[in-house]
Structure formats: structure tokens, C-alpha cells
Amino acid sequence: MIMGLTGGIASGKSTVSAMFVNRGAGLVDADVIAREVMLPGSGVLEAAVQQFGSGILQVDGTLNRARLGEIVFRDPVAREQLNAITHPAIRQETNRQMHSLESAGSALVIVDIPLLYESGLETMFGQIIVVYVPRSMQLTRLMERNSLTLEQAEGRLKAQMDIELKRRRADVVIDNSGGLADTERQVALLWDRLGLS
Ligand SMILES: CC(C)(COP(=O)(O)OP(=O)(O)OC[C@H]1O[C@@H](n2cnc3c(N)ncnc32)[C@H](O)[C@@H]1O)[C@@H](O)C(=O)NCCC(=O)NCCS
Ligand SMILES: Nc1ncnc2c1ncn2[C@@H]1O[C@H](COP(=O)(O)OP(=O)(O)OP(=O)(O)O)[C@@H](O)[C@H]1O
């Protein structure tokens with residue numbers, strides 16, 4: 001079985017994905033794939049440099065993520081341009097990995113895609129899990145984890161669909177606003193309900 005997993009930025013997707021992996025699920029992580037398709041020498045990185053200039057590179061030729069983030073999280077047009085350059089490659093590799101894990105015999109494959117709804121990828125999955133925390137908690141966790149100002153954190157939130165909308169669209173909601181033990185309990189419950197125990 002393959003399930004999509006999404007949520008808002010810093011809502012806890014990686015935390016919840018790790019809980020599924022600990023129980024034996026396979027994981028495809030679109031954020032990891034997004035990094036891989038932008039390694040030095042890739043056509044995707046080359047296209048990004050053509051679009052945004054060599055200022056987005058570090059001296060060693062790797063992507064300066066903070067610099068590109070500064071550009072795209074404050075400018076919707078630039079963000080759309082980056083999405084157009086990166087998303088086809090990310091989507092293709094995500095598809096490849098999830099089917100390869102399923103063929104290899106994973107009883108459950110979790111596919112963590114931050115922009116699942118924004119990119120209209122619902123049809124790839126029979127069931128979608130949304131990892132939910134209220135917007136105010138997204139902001140505080142994001143500011144703390146990434147050492148961002150409130151303004152920078154709000155810029156990143158504005159780049160995504162509102163988390164309440166995602167919650168309403170979900171097939172399954174995991175509420176990650178309590179402690180980790182409470183989240184783990186919800187994961188255990190879902191694991192049982194899916195007949196995976
Ligand atoms: C802009 C970049 C360089 C910033 O890198 P940085 O290391 O600061 O952040 P990281 O990649 O870890 O992403 C953190 C979170 O930001 C959010 N985010 C990233 N890209 C986008 C985007 N284009 N639009 C909206 N939110 C985004 C996601 O929630 C993601 O989980 C990087 O996010 C990127 O290359 N984005 C384009 C590819 C993409 O869309 N990735 C996310 C979905 S697969
Ligand atoms: N239940 C929780 N209680 C307290 N802190 C938490 C909880 N779950 C996650 N966190 C913390 O909140 C932050 C965001 O969590 P995580 O990195 O899992 O989110 P994410 O949705 O994967 O983020 P991104 O969208 O940036 O990929 C992290 O610093 C994490 O340690």
C-alpha cells in the first residue's frame with residue numbers, strides 16, 4: 001500500500017514519517033529528492049543558475065540554499081519559476097522510488113511531499129495523511145528550528161496552502177500539536193487500522 005503524507009512547513013512531516021519508518025514502512029522523501037536533483041552537474045541546477053544567476057551558488061559550486069530561499073520565499077513569480085524548473089524531475093524520481101519500494105515488498109510506503117496539494121498530486125495516492133498543527137505552532141516551530149525571524153517564517157507559510165484547508169482535504173489527520181507520545185499513539189492506531197500489526 002502506498003500513502004501520500006503532507007502537511008504544512010514545520011508541521012512535523014519528517015517526525016511522523018520517522019515513526020512510520022520505525023515500524024517498518026518504506027519512505028520516499030520529496031525534500032531529499034529535491035536536494036539530489038540539484039547537485040552540482042545536474043541539468044536542474046544548471047537551469048536554476050540560468051534563471052537566477054550564479055549568485056545562488058557557493059564558491060564550491062553547490063547550491064546556496066539560504067540565498068535561493070531568500071529569493072523564492074519573498075517573490076511568488078520567482079517561486080513559480082523555480083517550481084517549473086525543479087518539480088518535473090522531483091515528481092519523476094518520487095514516482096520511481098515509490099514503485100520500486102512497493103515492488104521490493106514494503107507493506108506500507110509513505111511518500112512525504114510537502115507540496116502535494118499545491119502541486120495537484122492527489123491523484124497519485126489512494127489515501128493521503130495530513131500532519132496537522134495550528135498555524136501559530138507552525139510559525140513558532142519553524143522560527144526555532146531554522147532560526148528565522150517572524151517575517152521570514154511568515155513568508156514561507158504564505159508560499160503554501162493554508163494548513164486548515166489541507167486538514168479538510170485529508171483522508172487521515174495526524175494531529176502533532178501535543179507531545180511526541182501523543183503523535184506516536186495516533187501513528188500506532190493508524191498502523192493497526194491498516195492491518196499492518
Ligand atoms: C528554496 C530552497 C533552495 C530552500 O532550501 P532550504 O534548505 O532552506 O529548505 P528545504 O529544502 O529544507 O525546504 C523546507 C520546506 O520549505 C518548503 N518549500 C520548499 N520549496 C518550496 C516551494 N517551492 N514552495 C513552497 N514551499 C516550499 C517545504 O515545506 C519544505 O519542506 C529549496 O526548498 C528548494 O530547492 N525548493 C524547490 C523545490 C521544492 O519545491 N521543494 C519542496 C517540495 S518537493
Ligand atoms: N510533537 C512535537 N512536539 C514538539 N516539537 C515537535 C513535535 N513534532 C515536531 N517537532 C519539532 O518541530 C520542528 C518541525 O518538525 P519536522 O522537521 O518534523 O517538520 P516538517 O513538517 O518535516 O518540516 P519541513 O516542512 O520543513 O520539512 C522540528 O524542530 C521538530 O523537532
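Residues numbered from 1 in each chain as written. Chains lettered and ligands numbered in written order. Predicted model: local features only at pLDDT ≥ 70, side-chain atom pairs only at ≥ 80, totals over all residues. Heavy atoms only, no water.

- In the nomenclature of an unreviewed UniProt entry, the protein is known as Dephospho-CoA kinase of Paenibacillus donghaensis.
- Per UniProt, the protein has the following entry under Subcellular location (unreviewed entry): "Cytoplasm".
- What the UniProt record of the protein gives under Function (unreviewed entry) is the line "Catalyzes the phosphorylation of the 3'-hydroxyl group of dephosphocoenzyme A to form coenzyme A." (UniProt positions renumbered as here; feature names shortened; annotations may be inferred.)

Examining the site of ligand 1
So, step 1. Close contacts around ligand 1 come from 20 residues, with Asp31, Arg65, Asn83, His87 and Gln160 the closest.
So, step 2. Between ligand 1 and Asn83 there is a distance of 2.8 Å, counted from a nitrogen atom to a side-chain nitrogen or oxygen.
So, step 3. In the model, an oxygen atom of ligand 1 is placed 3.4 Å from a nitrogen or oxygen of the Arg156 side chain.
So, step 4. Contact with the protein chains removes 91% of the 770 Å² of surface that ligand 1 exposes when unbound.
So, step 5. Of all the secondary-structure elements, those providing two or more residues to the shell around ligand 1 are α2 (30-36), α4 (65-72) and α5 (76-103).
So, step 6. When residues in the shell around ligand 1 are grouped by element, the largest group, six residues, is from α5.
So, step 7. In the shell around ligand 1, the residues fall into eleven nonpolar, four polar and five charged.
So, step 8. Structurally, the shell around ligand 1 is a two-domain feature, drawing no fewer than three residues from each of domain 1 (1-25 + 108-197) and domain 2 (35-106). (Near = heavy atom within 4 Å. Polar contact = N/O pair within 3.5 Å; in protein donor to acceptor, adjacent residues only side chain to side chain. Areas by Shrake-Rupley, 256 points an atom, 1.4 Å probe, with all protein chains shown as cover. Helix = DSSP H or I, 4+ residues; strand = E, 2+ residues; numbered from the N terminus. Nonpolar A, V, L, I, M, F, W, Y, C, P; charged D, E, K, R; others polar. Domains from an automatic or database assignment.)

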